[in-house]
Amino acid sequence: MEQIVIIIPAYEPDDRLLTLLTGLKEQRAGFIILINDGSGDTYDELFHKAGTMMGNEGMILNHGKNRGKGRALKTAFLYVTEHIPQAAGVITADSDGQHTPEDILKIRKKLLENPGHLILGVREFTGAGIPWKSRIGNCLTEKIFSYVSGVHVSDTQTGLRGIPASLLKPLIHIKGDRFEFEMRMLLECAGTYPVTEVTVETVYDSKENHQTHFRPVTDSLRIYRILGKKVAGFAAASISSCMMDVLLFVLFCRLFLPVYPDVYMAVATVAARILSAGYNYFVNYAFVFHSKEPVKTAGMKYTALAAVQMGLSAAVVTLSARIFPFVPEVPVKVAADTGLFFISYYVQQRFIMNCGQSRRR
């Protein structure tokens, strides 16, 4: 049977880690790498028990100080690539009891059945006992991630993942050392690696001493900043192309005035728009969406979208002026183009640059 390595990052764990290790050993789930992410001397005895429990079926990697979940995962990924090159992939699981040995085995089976896929153990947030903050947070992040990446993932925050060996080296080099790393992982895979989902048990521990190292405000901001960065790149491309359009218009007016004195402004407008639109298309194609669609095909679709967008902008502004004559034209124009901006991003992501892939179960 192909080897799958189980990776468990742990920072200040409790007995639930030992319970998980016991279950994995009973199930003979595979070789385990446990990362002590700078938990401190207080936890030495627990990690010693864990090491004794795993025996020759696992090992412990140590960080001298807490470096974050993302860095702990990268440390393990690097170890696997250098010392266990025969591994077909790895499974990441949390140490706090949220992932059962049975579900880890389900991910293992699915990873072996689907080589080259990113396997996600997704939780269902519809049952009783699920904290409302978890319901809302997952739903919001799911919608934003789908919009930004073009890929629908049911549980973007799951720590139970099956990762093919071919993906380990790229993941070692992407940014992010804390909880945001897992979001960057999904963005790295979007449009490149098929995503396969496996429904797993939703476990929420009600113990009073249960603690999470996820900082709701700080870590959530890190995650949403990552998601917003791609849209910000799209906005930067749009703004810079707009500035180019204006500058080229001024330049062409001076160049064409002596040649076409009657229609120089029209000629300058068309020439500037063609060049600025070409620039905008190239930046979006190559740097914002990293499109794999043939250049000609995407270009034709982009041209059609630009024409439709221009027509919609004109129609919305004209109609609004008639319905709300007391509203100045500029605010109406800004509001209309802002809405079209977000629609354009969605359409380019999904249908023009062909970046996203559908999830599989």
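If you're wondering where the values come from, they're calculated on a predicted model, not measured in any experiment.

A. Local environment of unusual backbone geometry. Of note in the backbone geometry, Glu12 takes a positive phi value of approximately 50° without being a glycine. Position of Glu12 among the secondary structure elements: in the loop between β1 (4-10) and α1 (15-27). Notably, His290 is not glycine yet its phi reads approximately 50°, a positive angle. Within the secondary structure, His290 is located in the loop between α9 (264-288) and α10 (295-323).

B. Main features of the packing of helix α3 (residues 69-83) against helix α6 (residues 165-172). The geometry of α3 relative to α6 is characterised by a closest axis approach of 9 Å and an angle of 130° between their N-to-C directions. The orientation of α3 with respect to α6, classified from their angle, is oblique. Our pair here, α3 against α6, has a crossing hand that is left-handed. Where α3 approaches α6, its residues Lys74, Phe77, Leu78, Val80 and Thr81 are matched on the opposing element by Leu168, Lys169, Leu171 and Ile172.

C. Spatial organisation of the pattern of salt bridges. All told, the structure shown has 12 salt bridges when counted by the stated rule. The partner of Asp14 in a salt bridge is Arg16, with the nearest N and O atoms 2.2 Å apart. Judged by relative accessible area, which is 23%, Asp14 ranks as partly exposed. Among the ionic pairs, Lys69 bridges to Glu182, the shortest N-O distance being 3.0 Å. Here the residue Lys69 occupies a position in helix α3, and Glu182 occupies one in helix α7 (residues 180-189), the gap between them amounting to 113 residues. In terms of burial, Lys69 and Glu182 fall into one category: buried.

D. Region of interest: the packing of aromatic side chains. Going through the model one piece at a time under the given rule, you end up with 15 aromatic pairs. Relative to Tyr346, the ring of Tyr147 lies with its centre 6.3 Å away and its plane at 15°, an arrangement referred to as stacked. Here Tyr147, found in helix α5 (residues 132-149), pairs with Tyr346, found in helix α11 (residues 329-352); they are 199 residues apart in sequence, far enough to count as distant. Measuring from ring centre to ring centre gives 5.8 Å for Phe282 and Phe287, while their planes differ by 80°; the resulting arrangement is edge-to-face. By way of ring pairs, the aromatic residues Tyr147, Phe234, Phe289, Phe341, Phe342, Tyr345, Tyr346 and Phe351 are connected into one cluster.

E. Structural context of a nonpolar patch on the surface. Judged by side-chain polarity, Leu319, Ile323, Phe324 and Phe326 come together as a nonpolar surface patch covering roughly 460 Å² of accessible area. Along the chain, Phe324 turns up in the loop between α10 and α11. Of the residues examined, Phe324 reaches a relative accessible area of 41% and is grouped as partly exposed.

F. Layout of the sheet that holds strand β7 (residues 195-199). Ordered by their spatial adjacency, 7 strands build an open sheet running β3-β2-β1-β4-β6-β5-β7, and the pairing between neighbours is mixed. One side of each edge strand has no neighbouring strand; the edge strands of this open sheet are β3 (58-63) and β7. In this sheet, neighbouring strand axes are inclined to one another by 20° on average, regardless of whether the strands run parallel or antiparallel. Pairing analysis gives 4 bridges linking β1 to strand β4 (residues 89-92), with the strands arranged parallel. For Val5, the partnering residue across the bridge sits in β4 and is Val90.

G. The arrangement of the environment of Ala272 in detail. Structurally, the position occupied by Ala272 is in helix α9. Ala272 sits in the buried class, given a relative accessible area of 1%. In sequence terms Ala272 and Leu248 are 24 residues apart; their C-alpha atoms lie 5.2 Å from each other. Contacts of Ala272, omitting those with residues within four sequence positions, involve Asp245, Leu248, Phe249 and Phe252.

H. Examining the packing of α1 against helix α4 (residues 101-113) more closely. It is at 9 Å that the axes of α1 and α4 come closest, and there the two elements cross at 50°. Comparing their axes, α4 and α1 come out oblique. Crossing of α1 over α4 shows right-handed handedness. Contacts from Leu20, Gly23, Leu24 and Gln27 of α1 reach α4 at Pro101, Glu102, Ile104 and Leu105. When its residues are assigned to classes, the contact of α1 with α4 shows 5 nonpolar, 2 polar and 1 charged.

I. How the structure looks around the pairing of β4. Side chains Gly89 and Ile91 of β4 all project onto a buried face; the interleaved residues Val90 and Thr92 project onto the opposite face, where all are buried too. Sheet topology note: the β4/strand β6 (residues 161-164) ladder contains 4 bridges and is antiparallel. Among the inter-strand pairings, Ile91 is bridged to a residue of β6, identified as Gly162.

J. Geometry of the pairing of β1. In terms of residue burial, β1 counts as a mostly covered element, since 7 of its 7 residues are buried. Neither face of β1 is left uncovered, since the one carrying Ile4, Ile6, Ile8 and Ala10 and the one carrying Val5, Ile7 and Pro9 both have all their residues buried. In this fold, the crossover linking β1 to strand β2 (residues 32-37) by way of α1 has right-handed handedness.

The rules behind each value
Along each chain, residue indices are assigned from 1 in the same order as the chain's sequence is written. Totals for whole chains, interfaces and linings use every residue, but because this is a predicted model, local features are given only for residues with pLDDT of at least 70 and side-chain atom pairs only at 80 or more, for both listing and counting. With hydrogens and water stripped out, all remaining heavy atoms of the structure feed into the side-chain values. Helical segments are the DSSP runs of H or I of at least four residues, strand segments are the runs of E of at least two, and each set is numbered from the N terminus. Only the contacting stretch of a helix is used when fitting its axis, a line to C-alpha atoms as for every element, and angles between N-to-C directions run 0 to 180 degrees. Note on angle classes: values under 35 degrees are labelled roughly parallel, values over 145 roughly antiparallel, values of 65 to 115 roughly perpendicular, and the remainder oblique. Crossing handedness is read from the near helix: turned anticlockwise from the far helix by less than a right angle, it gives a left-handed crossing, and turned clockwise, a right-handed one. Contacts: residue pairs with any heavy atoms within 4.5 Å of one another. For this document, the term salt bridge refers to a Lys or Arg side-chain nitrogen within 4 Å of an Asp or Glu carboxyl oxygen. The buried label applies to any residue whose accessible area, calculated with a 1.4 Å probe on protein chains only, is under 20% of its type's maximum; exposed applies above 50%, and partly exposed to all values in between. For Phe, Tyr and Trp, rings pair up if their centres lie within 6.5 Å, where Trp contributes its six-membered ring, and each pair is then called stacked (planes under 30 degrees apart), edge-to-face (over 60) or tilted (otherwise). Only residues whose relative accessible area exceeds 30% and that form no salt bridge enter a patch; like-charged residues are grouped when within 9 Å of one another, and nonpolar side chains (Val, Leu, Ile, Met, Phe, Trp, Tyr) when within 5 Å. Values of accessible area rely on a 1.4 Å probe in the Shrake-Rupley scheme; residue burial ignores everything except the protein chains shown. Two strands make a pair as long as DSSP finds a minimum of two bridges between them. Classes in brief: Ala, Val, Leu, Ile, Met, Phe, Trp, Tyr, Cys and Pro nonpolar; Asp, Glu, Lys and Arg charged; the others, Gly included, polar. Note on handedness: a clockwise path from strand one over the helix to strand two, with the strands aimed away from the viewer, defines a right-handed crossover.

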